[in-house]
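Structural overview for review
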Amino acid sequence: MSMKQYEFWFVVGSQDLYGQEVLDTVAKRAAEMAEALNASGNLPCKLVYKVTAMSNAQIRDIVAEANYDKKCAGIITWCHTFSPSKMWINGFVNLQKPYCHLATQYNLEIPNEEIDMDFMNLNQAAHGDREHGFIAARLRMPRKIIAGYWKDESVQKRLGSWMRTAVGVAFSRDLKVMRFGDNMREVAVTEGDKVEVQAKLGWQVNTWAVGDLVKVMNAVTEEEIDALMAEYTAEYDVATDNIAAIRYQAREEIAMKKMLDEQGCMAFANTFQDLYGMEQLPGLASQHLMAQGYGYGGEGDWKVSAMTAIMKAMSEGMTGGTSFMEDYTYHLVEGCKLSLGAHMLEVCPSLAADKPRIETHHLGIGMNEKDPARLVFEGREGDAIVVSLIDIGGRLRLICQDIKAVKPIMEMPNLPVARVMWEAAPDLTTGVECWITAGGAHHTVLSYDVTAEQMRDWARMMDIEFVHINKDTTVESLEKDLFLADLAWKLK
Ligand code: MN
């Protein structure tokens, strides 16, 4: 399902003490608010006003309905009046969808002349939302709380941003990952408990033989390749005479896409150590698949592949700047410390500052019989995050670091791969100490679109550990946080 097909349900709390007139006003205003929020252009999905809830049975029923409706990606609640929270318990304990508490009120100002006890009975959000918040805290519910005036653009944008995260939850719970071959031999961080991942995050991670892919590749027609070549030449500059290598990548892309789509997989991983029957490691092929929203992970890294797909789904319709990434090498000059991110071939062209070039070069590593074609480009400038999901033993840990991508400070004319250069928070070397302390992988997802707040919310909804390395992080504070988190997660 695409972003626009999802909807969120607006459930407004009240009770039956106030008489029909008040309840009618609440319902009318709730519908008006949903309509205005939808018209604002700040929400990626439709907000549907569902009910002014006044009883335990009503809330239990709407939660049951939300749990089973595939279109519903989450519920958003608000209390116009007071809404005693014991009547929310039976619903909330069964809620399986993401939940956001919008702590707002209908009116912007306290109306000096108009305010009387009728006004006070109708407009009780300030204490209604506190009673409502208590029960979620008491039940230890994973939730997002957004406070502020509902017409403020910043509030609307935060709500929209949370909706994207909730869609990332729905996407994760349905995600299938196709592995071509196993992980790279002896590598530790790309391993993980696939059963735990499926139970927690929903991912179905399974393996297909490279030989099966080769069979599908051999059945790809010249006409199919011609059509994809037309796309390549429209989107990229061809900077090689080796057209046969590009056509071979097209054959690989078409075959992989056929297998992915046939199985309903939105992410895949492969390894240069297992290319039996293939002439080239898929480079351009993997890059162009990523540009279409598929997740990718090198060296069999199915976790980073799945995270790439999820973060692409969360940022659908934005700049698209989200990719599989790897920290390769540092520039450690005092006053100008930078990380150079790249991969052997596979960086998504959605990061590119300018039109990518298709080049072919020898690739010494792996089973390549021929020079693989790949897209070469510089990443664009901008604030971004890098994200790594690791299996820390007994639980999953999501590590997120704030970075600032810069224009690469040198041309690197002999580097035959796409490259991104960045400053890292709090500074490069402290950031590296923090990243290594937390156990973050060399592979990451880099995104200009998805924010650290979204990844924190996603981790909370998924019930996994979250670590954020930002401008305020010190090694000492991080070590303490990790120590306490280790104890807390063992008790959970
Ligand atoms: Mn790698």
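Scroll up to find the structure.
Quantities reported herein were computed from a predicted structural model and do not represent experimental measurements.

1. A short note on the packing of aromatic side chains
Counted according to the given criterion, the structure contains 8 aromatic pairs. Measuring from ring centre to ring centre gives 4.9 Å for Phe 92 and Tyr 99, while their planes differ by 45 degrees; the resulting arrangement is tilted. A relative accessible area of 3% means that Phe 92 is categorised as buried. Taken together through their ring pairs, the aromatic side chains of Trp 88, Phe 92 and Tyr 99 make up a single cluster. Lying across the ring of Trp 302, Lys 303 places its NZ or CZ 5.3 Å from the centre. A cation over a ring is seen here: Arg 380 above Tyr 448, with NZ or CZ 4.3 Å from the ring centre.

2. Quick word on a negative patch on the surface
Judged by side-chain charge, Glu 21, Asp 24, Glu 114, Asp 116 and Asp 118 come together as a negatively charged surface patch. Along the chain, Asp 118 turns up in helix H4 (residues 117-122). Relative accessible area serves as the criterion here: at 60%, Asp 118 is assigned to the exposed category.

3. Some points on the pattern of salt bridges
Opposite charge on two side chains lets them pair, provided their charged atoms get close. Inspection of the entire model under this criterion finds 28 salt bridges. Put simply, Lys 370 and Glu 279 hold a salt bridge, and the shortest N to O gap is 3.7 Å. Of this pair, Lys 370 sits in the loop between strand S13 (357-360) and strand S14 (373-376) while Glu 279 sits in the loop between strand S9 (267-269) and helix H11 (284-291), and the two are 91 residues apart along the sequence. In the salt-bridge network here, residues are joined through shared partners; they are Lys 144, Arg 158, Glu 453, Asp 457 and Arg 460.

4. A closer look at the coordination of the manganese ion
With distances of 2.0 to 2.2 Å, the protein atoms coordinating the manganese ion are Glu 299 (OE), Glu 326 (OE), His 343 (NE2) and His 443 (NE2). Considered as a linear motif, the donors of the manganese ion on their single chain read E-x26-E-x16-H-x99-H. With a gap of 27 residues between them, Glu 299 in the loop between strand S10 (295-297) and helix H12 (302-314) and Glu 326 in strand S11 (residues 322-333) connect regions that are remote in the sequence. A single burial state applies to Glu 299 and to Glu 326, both of which are buried.

5. A short note on helix H6 (residues 153-173)
Owing to its 3.6 residues per turn, the α-helix brings residues three or four apart onto one side. With 21 residues, H6 extends 30 Å between its outermost C-alpha atoms, agreeing within 8% with the 30 Å of an ideal straight helix rising 1.5 Å per residue. With 15 of 21 residues buried, H6 is to be regarded as a mostly interior element.

6. With respect to the packing of helix H13 (residues 428-438) against helix H15 (residues 475-491)
One way to put it is that H13 packs onto H15 with a least axis distance of 10 Å and a crossing angle of 15 degrees. Judged on the interaxial angle alone, H15 and H13 are roughly parallel. The two elements H13 and H15 meet at a crossing, and its hand is right-handed. Contacts between H13 and H15 involve Thr 430, Glu 433, Cys 434, Thr 437 and Ala 438 from the first element and Val 475, Leu 478, Glu 479 and Leu 482 from the second.

Here is what the cut-offs are and how they apply
- Residues numbered from 1 in each chain as written.
- Predicted model: local features only at pLDDT ≥ 70, side-chain atom pairs only at ≥ 80, totals over all residues.
- Heavy atoms only, no water.
- Phe/Tyr/Trp six-rings, centres within 6.5 Å; stacked < 30°, edge-to-face > 60°.
- Buried < 20%, exposed > 50% of the residue type's maximum accessible area, 1.4 Å probe, protein only.
- Lys NZ or Arg CZ within 6 Å of the ring centre and 35° of its normal.
- Patch = residues over 30% accessible without salt bridge, like charges linked within 9 Å, V, L, I, M, F, W, Y side chains within 5 Å.
- Areas by Shrake-Rupley, 256 points an atom, 1.4 Å probe, with all protein chains shown as cover.
- Salt bridge = Lys/Arg side-chain N within 4 Å of Asp/Glu carboxyl O.
- Lys, Arg positive; Asp, Glu negative; His and termini not counted.
- Charge placed at Lys NZ, Arg CZ, Asp CG, Glu CD.
- Helix = DSSP H or I, 4+ residues; strand = E, 2+ residues; numbered from the N terminus.
- Donors = N, O, S within 2.8 Å, 3.2 Å for Na, K, Ca; no water.
- Expected span 1.5 Å × (residues − 1).
- Axes fitted to C-alpha atoms, helices over the stretch in contact; angles between N-to-C directions.
- Parallel < 35°, antiparallel > 145°, perpendicular 65-115°, else oblique.
- Left-handed = near helix turned anticlockwise from the far one by under 90°.
- Contact = heavy atoms within 4.5 Å.

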